[in-house]
Amino acid sequence: MKQQIQKLVTNGFCTEEALLLYAQHHSASLPPHKFTFPPLLKVCAKLKSPIQGQILHTHLIKTGFSIDVYAATALTDMYMKLNRFSDGLKVFDEMPDRSLASLNAVISGFSQKGHCGEALRAFKEAGLGLLFRPNSVTIASVLSACERVANVKQMHCLAIKLGVEMDVYVATSLVTMYSNFEEMVLATRVFAETPNKNVVSYNAFFTGLLHNGVPRVVLNVFKDMKESLSEKPNSVTFVSVISACASLLYLRFGRQIHGLIVKFEMQFDTIVGTALVDMYSKCGCWHLAYNLFKELNGSRNLMTWNSMIAGLMLNGQSEKAVELFEKLEHEELKPDSASWNSMISGFAQVGKGFEAVKYLEKMQLAGKVPSLKCITSLLSACADMCALQFGKEIHGHVIRTDIDNDEFMATTLIYMYMKCGHPSLARNIFEQFETRPYDPAFWNAMISGYGRNGDYDSAIEVFDLMQKEKVKPNSASFVGVLSACSHTGQVDKGWHLFRMMKDKYDLNPNAEHFGCIVDLLGRSGRLDEAQKLIQELPEPPASLLHSLLGACRSHSNSELGREITMKLSELEPENPAPFVILSNIYASLGRWEDVERTRQIINDRGLRKFPGSSTRVT
């Protein structure tokens, strides 16, 4: 009976067949062997059947095999895999003779189900009692339960002490855990030193590289894998490499990988095909993605459809996306939240806000909840369209679903109300936080929003409050407040803030910051100071010189105006605007000969002054 049951389980018939065979033998009163039960308990775990497991547990007790370490270990393993942890621990505690395999069953059971603390506790208790010398399975199981990188390093040291650090199972677990904690230098070192790499260890490294934002290395390692490994890449390998191509927009490499997939006859694998559809879409080749999508007919799932819909939206093919979305039901598939979110976010991102709102209403009727990304995309669309009423309706949905306290959501709402010209409504959201976020983007939405609506004093007030609440401003914060200082004529405060950027916050001013301070000094008539500031830059951009030239016109400073005009003529030799402005400065001073001479320069250089235009209907 043992061989028959073992054969059924080994061949994958781990449903009713193995259990039925045992039941027949049990009814015929045929005595079981101690090796009868482990494969049957394995079947119960795979079938997720605790009742059948308990029946077998009873038979183990009745037949006296419950004290057998091999059978009891299998029973412990079954209970742990069925989330019956108390039962599994009870069996483990009552075993008269435990083995390392028994301990491994407990640790891996807790670890695989996400109960990391319990897994580590079981390992420590066993270690303190000096019950067993851990093996590679023990170390790998404990590694996956580590919740801090310090624990991973401790287990790594123990693995070295035990001489199992080069075991491919342990090394792969180390690569995975170091990658999870963003320790890619250590992960790379472990991977490089692993002598007998296999596809699983390569896949673990690929996943870590992608997770840590270094997709380019994935492609280099994949080339090495093809040359040094006799095993063929599997679907997980190809999905990782295709994802790297998608991130880097490496269409040529992606097409080469596609060819390799066809060579290995894996082109109709669902997850590989879906990854290819995504890659072609992100690389801007929606037609290639669409052709592949059609070829996958019969090997597609909802994720494939969602990837194609999102890809079409990404490439501005909203009509085709709608067509596919409506065909979903004909494929006996129901749109999930990802399907709806792709449609709504897609419409919002291409500026079709009304269609996005329409699909939001349909989504709610279908009983699906939009994602945060979907809602923020909608709010951004409302801001761009100045669609205040739609924005308010979405705000109502945000309040009803209790996500209005999310920092990112609140920032988007503030931006939307500011863009729609309602700073008071934006201020209400800002004030609803007892402890305001430390993310400068939240504050910047208020500062730039007030500036957009001409309330520069309030913009400065929010920046001062930001400093009072010890929120570190970023580059955008200073652009907003310096612009506000410029419009309110607060020269001393502007200078103070400009110097504060580097001195207090270690931020290097860029062209925008210099532009704000030059504009501030220019508006106040402090042209010499503005000129000295520009001279601090080795290669000042033309925008700063244009700003200073505009100040020269406002204050009728012809000498500095002429100097700036000459510099601009070198940077932008085909632009007549600086000479036109200089001519206007001379005209305001009544220097008509200089006006004539300047106009002659325009003619001699073949520069064309664009005529003015009017929108008035005659």
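Scroll up to find the structure this text is about.
Residues numbered from 1 in each chain as written. Predicted model: local features only at pLDDT ≥ 70, side-chain atom pairs only at ≥ 80, totals over all residues. Heavy atoms only, no water.

> Is there a simple way to think about the nonpolar core in this case?
One recurring pattern in soluble globular proteins is that nonpolar side chains are buried together. Counting 180 residues, the largest nonpolar core has Phe238, Ile242, Met343, Ile414 and Phe478 as its most contacted members. Apart from the residues within four sequence positions on either side, Ile242 is in contact with Ile257, Ile261, Val272, Ala275, Leu276 and Met279. (Core = buried A, V, L, I, M, F, W, Y, C linked by side-chain atoms within 4.5 Å. Buried < 20%, exposed > 50% of the residue type's maximum accessible area, 1.4 Å probe, protein only. Contact = heavy atoms within 4.5 Å.)

> Explain the packing of aromatic side chains here, please?
For any pair of aromatic rings, geometry is given as the distance between the ring centres together with the angle between the planes. This model, assessed by the stated rule, comprises 19 aromatic pairs. Connected via pairs of aromatic rings, a cluster forms that spans Phe191, Tyr202, Phe205 and Phe206. Lying across the ring of Phe191, Lys197 places its NZ or CZ 5.1 Å from the centre. One residue, Lys362, lies across the ring of Tyr359, its end atom 4.8 Å from the ring centre. (Phe/Tyr/Trp six-rings, centres within 6.5 Å; stacked < 30°, edge-to-face > 60°. Lys NZ or Arg CZ within 6 Å of the ring centre and 35° of its normal.)

> What should I look at first to understand the packing of helix H9 (residues 136-143) against helix H10 (residues 149-162) in this one?
Think of two packed helices as two axes; the pair is described by the angle between the axes and how far apart they sit. Remark: H9 packs on H10, axes separated minimally by 10 Å, with the N-to-C direction vectors making an angle of 170 degrees. Of the possible angle classes, the one that applies to H9 and H10 is roughly antiparallel. The segment H9 lies against H10, with Ile139, Val142 and Leu143 engaging Val152, Met155, Leu158, Ala159 and Leu162. Of the residues that constitute the contact of H9 with H10, the class distribution is eight nonpolar, no polar and no charged. (Axes fitted to C-alpha atoms, helices over the stretch in contact; angles between N-to-C directions. Helix = DSSP H or I, 4+ residues; strand = E, 2+ residues; numbered from the N terminus. Parallel < 35°, antiparallel > 145°, perpendicular 65-115°, else oblique. Nonpolar A, V, L, I, M, F, W, Y, C, P; charged D, E, K, R; others polar.)

> What is the right way to look at helix H12 (residues 184-193) in this model?
Each α-helix turn comprises 3.6 residues. Residues three or four places apart therefore point the same way. Buried within H12 are the following residues: Met184, Ala187, Val190 and Phe191. Looking straight down H12, one finds its buried side chains confined to an arc of 125 degrees; they lie on one side. Pointing more than 90 degrees away from the buried face of H12 are the exposed residues Val185 and Ala192. Structurally, H12 contributes buried residues whose contacts are with H10, helix H11 (168-180), helix H13 (199-211) and helix H14 (215-228). (Arc of directions from axis to C-beta.)

> Would you explain the environment of Arg597 in this entry?
Inspection of the secondary structure assignment puts Arg597 in helix H36 (residues 592-604). In this structure, the C-alpha to C-alpha distance between Arg597 and Ser583, residues 14 residues apart in sequence, is 8.7 Å.

> Mind showing me how you'd approach the pattern of salt bridges here?
Side chains that differ in sign of charge can pair as their charged atoms come close. Enumeration over the complete set of coordinates arrives at 16 salt bridges. Of the charged contacts in the structure, one is a salt bridge between Lys81 and Asp77, with a shortest N-O distance of 3.1 Å. Here Lys81 and its partner Asp77 are both found in helix H5 (residues 69-81), four residues apart, which amounts to about one turn of the helix. Take Lys81: its relative accessible area is 38%, and that puts it in the partly exposed class. Since its relative accessible area comes to 22%, Asp77 is described here as partly exposed. Members of the salt-bridge network, linked through shared partners, are Arg427, Glu431, Arg436, Glu461 and Glu469. (Salt bridge = Lys/Arg side-chain N within 4 Å of Asp/Glu carboxyl O.)

> Before we go on, may I ask you to explain the packing of helix H17 (residues 270-282) against helix H18 (residues 286-295) in this structure?
Where H17 contacts H18, the axes come no closer than 7 Å and their chain directions differ by 160 degrees. Comparing the axis directions of H17 and H18 gives the class roughly antiparallel. As for how H17 packs across H18, the hand of that crossing is left-handed. Contacts between H17 and H18 involve Gly273, Leu276, Val277, Tyr280 and Ser281 from the first element and Trp286, Leu288, Ala289, Leu292 and Phe293 from the second. In the contact of H17 with H18, the residues fall into eight nonpolar, two polar and no charged. (Left-handed = near helix turned anticlockwise from the far one by under 90°.)

> So what exactly am I meant to see when it comes to H11 here?
For H11, built from 13 residues, the straight-helix expectation of 18 Å at 1.5 Å per residue is met to within 8% by its first-to-last C-alpha distance of 18 Å. Of all the residues in H11, the buried ones are Val170, Ala171, Thr172, Ser173, Leu174, Val175, Met177, Tyr178 and Ser179. Packed against the buried residues of H11 are H9, H10, H12 and H13. Taking the backbone nitrogen of Tyr169 as reference, a side-chain oxygen 2.8 Å away marks Asp167 as the first, capping residue of H11. Positive backbone phi, at 60 degrees, marks Glu182, one or two positions downstream of H11. (Expected span 1.5 Å × (residues − 1). Polar contact = N/O pair within 3.5 Å; in protein donor to acceptor, adjacent residues only side chain to side chain.)

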